[in-house]
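Here are the chains, one letter per residue:
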Amino acid sequence: MTTPRARPDGAGTPQRHRGAPGRRPDRWALWSLPRAALVYVLLIDLAAVGAVVATVNLTPPAPQAWLICALLFLGSALHAEAARHIERVRISPGDKPFIDLKSMWTFAGLLLTQIGPSLVLVTAVFAYWWARNERRPPPHRWIFSWATVVLGTTAAGLLLDGVQRDTLLRVAAGPAGLALIAVAALVRWTVNHGLVVGIIRLVSPRTSLRRHFASPADTLLGLGALALGAALAVLAAASPWLVPILLVPVIMLHRGVLVDQFRHAARTDPKTGLANGAAWAEVAAKEIARTRRHDGGLAVLMVDLDEFKAVNDRHGHLVGDEVLRAVAAALSAEVRAYDAVGRFGGEEFVVLLSGVDAEAATLTAERLRGRIAAIDLTVPTATGTHARVRGLTASIGCAPCPDGGRSVDDLLAAADGALYRAKHAGRNRTVTADPARPDVG
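Each value, and the rule that gives it
- Residues numbered from 1 in each chain as written.
- Predicted model: local features only at pLDDT ≥ 70, side-chain atom pairs only at ≥ 80, totals over all residues.
- Heavy atoms only, no water.
- Salt bridge = Lys/Arg side-chain N within 4 Å of Asp/Glu carboxyl O.
- Helix = DSSP H or I, 4+ residues; strand = E, 2+ residues; numbered from the N terminus.
- Buried < 20%, exposed > 50% of the residue type's maximum accessible area, 1.4 Å probe, protein only.
- Core = buried A, V, L, I, M, F, W, Y, C linked by side-chain atoms within 4.5 Å.
- Contact = heavy atoms within 4.5 Å.
- Pairing = 2+ DSSP bridges.

A.B. asks: Is there a simple way to explain the pattern of salt bridges in this structure?
C.D. replies: Two side chains that carry opposite charge are able to pair once their charged atoms sit near each other. Taken as a whole and judged by the stated rule, the model has 15 salt bridges. The residue R367 makes a salt bridge to E334 at a minimum N-O spacing of 3.0 Å. Of the two residues, R367 sits in helix 14 (residues 358-373) while E334 sits in helix 13 (residues 317-334), which places them 33 residues apart along the sequence. Given the relative accessible area of 12%, E334 is considered buried. Each of the salt bridges in this network shares a partner with another, and the network as a whole consists of D304, D306 and K423.

Here it is, written out as structure tokens:
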């Protein structure tokens, strides 16, 4: 598991050429993190370095342990090369931990050797995968990802401390060995995942905690990689020559990840990571049907950034895209986890609020306007300068159900009409659709 590629810092920052100013340590987005988050990252990194140094020097490993780690590193390198074309098209999960399969090699190393060599293996694997990553993430983010895996591996290794590895793997088919390996895998995953969620939470404290956890499919993928690592260790202990056989199902599993990724891509706006118009309408239709069955309330908000063209004209479309991503993040952070935010097109967004009446929907819309107005974004440019964008305003049209309509199309039309009135009344305001007179934009 690694930290999100687009968050928590430098969200969506355009990739720079190697050697560009953004690659210099003093230009890293790390230093723009809130103080608590920066301290958290640095402490985790230092703790990981300390763990590697301490465990390697505490008990000098046997030469055989280094040979095992070298063979596992070779397998991981072959895996990285075979999966490069897959990783090239995998989708970043936004503000959720990014799951990959290289943990199978490092977890196998922990089960086959002691803590020290296994942490060196983690370091070597991370270094190779970073070097071969075509969409190379910022070094400080990759280092933090490495640190969380090192600490998770250390915690699992302490659990296994004192257990003879060959004995553990011989009885792995029995209940005692299986339980111990399973608990070690769970400890490693929990520490790793918890540390990643911790930094995301520090950067986005107002966002629902539920949003930060990996999807069930990604969680199963991460645990499945650890299970493959256990199988790899057992197979290597029995007959090392059989290990290459596992590369076939591993690559097939890696390819299988793309099925869910492509399904997600078809429903996601590529610039903001929000639901696209079709996916949002599908969610809205289901929620409207549920609300009608239970006599509940809901509302649709249509949010339009005021004078957004001026941002593009002044700073360029790349900076404009960063502004759209920042607004999308602000909207998602302000609403509840079960509300639905989507990009309607251009600089327009749609929000479905469940279980609210007209008054509550209007109050939420005003909070959203305030959240957008508070955005203060500094975006590095290709020339090494920084563009600062702040003072954004938005006009919002609000259409409560059933006053504004009883279908997705009716509510969108009513919200669009209310938005039209907000624009013509001077912008930077919320207007609620009039139930007595359907609005027409």
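There is more to say after this.
A.B. asks: Help me understand the nonpolar core, please; the structure alone is not making it clear to me.
C.D. replies: Generally speaking, a soluble globular protein has its nonpolar side chains buried in company with each other. Of all hydrophobic cores here, the largest spans 57 residues; its most connected members are F107, L111, W146, V150, I199 and L232. Of all the secondary structure elements, the ones that give two or more residues to this core are helix 1 (35-58), helix 2 (63-82), helix 4 (103-112), helix 5 (115-131), helix 6 (139-160), helix 7 (165-170), helix 8 (175-203) and helix 9 (216-238). Residues in contact with V150, not counting those within four places in the same chain, are A48, A51, V52, L119 and V122. Residues A330, V351, L368 and A394 belong to the second largest nonpolar core, which totals 34 residues.

A.B. asks: Help me out: how do you make sense of the pairing of strand 3 (residues 348-354) in this one?
C.D. replies: Successive residues of a regular strand alternate their side chains across the two faces of the sheet. Counting buried positions along strand 3 gives 7 out of 7 residues, so the element sits mostly inside the fold. Every second residue of strand 3 is oriented toward a common face, with E348, V350, L352 and S354 on one face and F349, V351 and L353 on the other, all of them buried. With 7 bridges connecting them, strand 1 (residues 298-305) and strand 3 associate as antiparallel partners. Within the sheet, the bridge partner assigned to A299 lies in strand 3 and is L353. The pairing of strand 2 (residues 340-345) with strand 3 spans 5 bridges and is classified as antiparallel. Counted as the bridge partner of A340 is L352 from strand 3.

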